[in-house]
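Tertiary structure, described
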Amino acid sequence: MFAAERRQLILEMVRANGAVSLRELARVVQTSEVTVRRDVRALEAEGLLDRRHGGAVLPGGFTRESGFPQKSHLATAEKTAIADLAAGLVEEGEAIVVGAGTTTQELARRLARVPGLTVVTNSLLVAQALAHANRVEVVMTGGTLRGSNYALVGSGAEQSLQGLRVSRAFLSGSGLTAERGLSTSNMLSASVDRALVQAAAEVVVLADHTKLGTDTMFQTVPTDLITRLVTDEPPAHDDRAVTELQALADQGVQIAVAGQAGGGTGGDTVPTGRQPRRDMPLPGPRRGQVPGAGPQLRSATVLGEQSPGERARVADLRRR
């Protein structure tokens, strides 16, 4: 396929889906991600699309938000790996809140296996994933339905969360930076997410590497309120994402990185070959935290010490 043909096909895919990962683009045009990245840069220079870490989106800057059908096709394998790892944080009998998003929907599918769980959510998709789970109670907020992401927003949703207290909030968003924390492109969604944060003792952010270093209009969770980040391992060439991870760790965010090998369907079954990796070590305590206090997220692969090979991988990631 000639370069002009590839770029036309790439442009058609982005226009049809709103956002497409580099991995998916490379699969469809049957070439390497390096070549696709070069094509995406050329199309961005012409103003036909915008690059994002790990993918391409329709142009529009801070004000544009992709709908659920578009988001569901971006970084699907990474979201599945993140959901697998995040589900391990939830214990039997807990009460948690889960925000709206494609990654949190993946998490909800795995939470259906946790007995005695109570899940408060403003997401119809999260509630649907848990609707037939045995011994899992689902509590929906009130509010007005946003059709683009199947979430309940507005004053009704926020008021229904007043006086609520749970152990953890699991949230995703449109972007994550060490400077501003988690952000989203919609004001109403941001306001409800802030109310979810106020209800939780801990905040766990689920964000794949394509969102690292991306800043959008409305801040939902400032960095100093994020307890943990569950993400996937950035590609070797993605220096910005690695730098952002280190900056978040420097500010006291506990980081767990889920490794993934091969593709995934995003269903309930964990694809063979995907193994959660490890936590990134923290340089120091969170602002105002007593050293040694507070819960620590242990390794996803083993609950004891890391192997020499794993320690070497962490050291290599931090040197980048």
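Residues numbered from 1 in each chain as written. Predicted model: local features only at pLDDT ≥ 70, side-chain atom pairs only at ≥ 80, totals over all residues. Heavy atoms only, no water.

Let us look at the overall build of the protein. Each helix and strand counted, the protein has eleven helices and 16 strands in total. By the burial criterion, 51% of the 320 residues in the protein qualify as buried. For the protein, long-range pairs separated by at least 24 residues make up 67% of all intrachain contacts whose partners lie at least 6 apart in sequence. Per element, the accessible surface of the protein, about 14,200 Å² overall, is 51% carbon and sulfur. (Helix = DSSP H or I, 4+ residues; strand = E, 2+ residues; numbered from the N terminus. Buried < 20%, exposed > 50% of the residue type's maximum accessible area, 1.4 Å probe, protein only. Contact = heavy atoms within 4.5 Å. Areas by Shrake-Rupley, 256 points an atom, 1.4 Å probe, with all protein chains shown as cover.)

This brings us to the packing of helix H5 (residues 76–87) against helix H6 (residues 102–111). Where H5 contacts H6, the two axes come as close as 8 Å, and the packing angle between them is 50 degrees. Judged by the angle between their axes, H5 and H6 are oblique. The hand of the H5/H6 crossing is right-handed. Of the residues in H6, those touching H5 at Lys79, Thr80, Ile82, Ala83, Asp84, Ala86 and Ala87 are Thr102, Thr103, Glu106, Leu107, Arg110 and Leu111. (Axes fitted to C-alpha atoms, helices over the stretch in contact; angles between N-to-C directions. Parallel < 35°, antiparallel > 145°, perpendicular 65-115°, else oblique. Left-handed = near helix turned anticlockwise from the far one by under 90°.)

This part is about a nonpolar patch on the surface. A surface patch of nonpolar side chains, amounting to about 330 Å² of accessible area, comprises Leu124, Met140, Leu145 and Tyr150. Mapping Leu124 onto the fold places it in helix H7 (residues 124–130). On the basis of relative accessibility, which here comes to 34%, the residue Leu124 falls in the partly exposed class. (Patch = residues over 30% accessible without salt bridge, like charges linked within 9 Å, V, L, I, M, F, W, Y side chains within 5 Å. Salt bridge = Lys/Arg side-chain N within 4 Å of Asp/Glu carboxyl O.)

Moving on, we come to the confidence of the model for the protein. With 74% of its residues at a pLDDT of at least 70, the protein reaches an overall mean of 78. Confidence drops under a pLDDT of 50 for residues 68–73, and excluding neighbours within four residues, the segment shows 16 contacts in the predicted structure. The model gives residues 260–315 a pLDDT under 50, and that stretch makes 108 contacts with residues more than four places away or in other chains. (pLDDT = per-residue confidence, 0-100.)

Here we come to the sheet that holds strand S3 (residues 55–57). Ordered in space as S1-S3-S2, the three strands form an open sheet in which the pairing is antiparallel. Single-partner strands in this sheet number two, and they are strand S1 (19–21) and strand S2 (50–52). Averaged over all pairs of adjacent strands, the angle between their axes in this sheet comes to 25 degrees, without regard to strand direction. Sheet analysis places S2 next to S3, joined by three bridges and oriented antiparallel. By the bridge assignment for S3, Arg52 is matched with Gly55. Contacts from helix H2 (residues 22–29) reach S1 and S3, with the element oriented near 75 degrees to S1. (Pairing = 2+ DSSP bridges.)

As enumerated under the stated definition, the model contains 13 salt bridges in all. As a salt-bridge pair, Asp39 and Arg7 come within 2.9 Å of each other at their nearest N and O atoms. With Asp39 in helix H3 (residues 33–45) and Arg7 in helix H1 (residues 3–17), this residue pair connects regions lying 32 residues apart in the sequence. A relative accessible area of 26% means that Arg7 is categorised as partly exposed. Connected through shared salt-bridge partners, Asp84, Glu106, Arg109 and Arg110 make up one network.

Before going further, it helps to examine the sheet that holds strand S13 (residues 218–221). With antiparallel pairing, the three strands of this open sheet are ordered in space as S10-S11-S13. Strands with a single pairing partner mark the edges of an open sheet, and in this sheet they are strand S10 (175–177) and S13. On average, each strand axis in the sheet is tilted by 40 degrees relative to the strand beside it, whichever way the strands run. Relative to strand S11 (residues 181–184), S10 runs antiparallel, the two being bridged by three bridges. What sits directly across from Leu176, in S11, is Leu182. The strands that helix H9 (residues 187–198) touches are S11 and S13; relative to S13, the one it contacts most, it runs at about 20 degrees.

The subject of this paragraph is the environment of Ala201. Along the chain, the position of Ala201 falls in strand S12 (residues 200–206). Note on Ala201: relative accessible area 51%, which makes it exposed. In contact with Ala201, other than residues within four places in its own chain, are Arg165, Val166 and Ser167.

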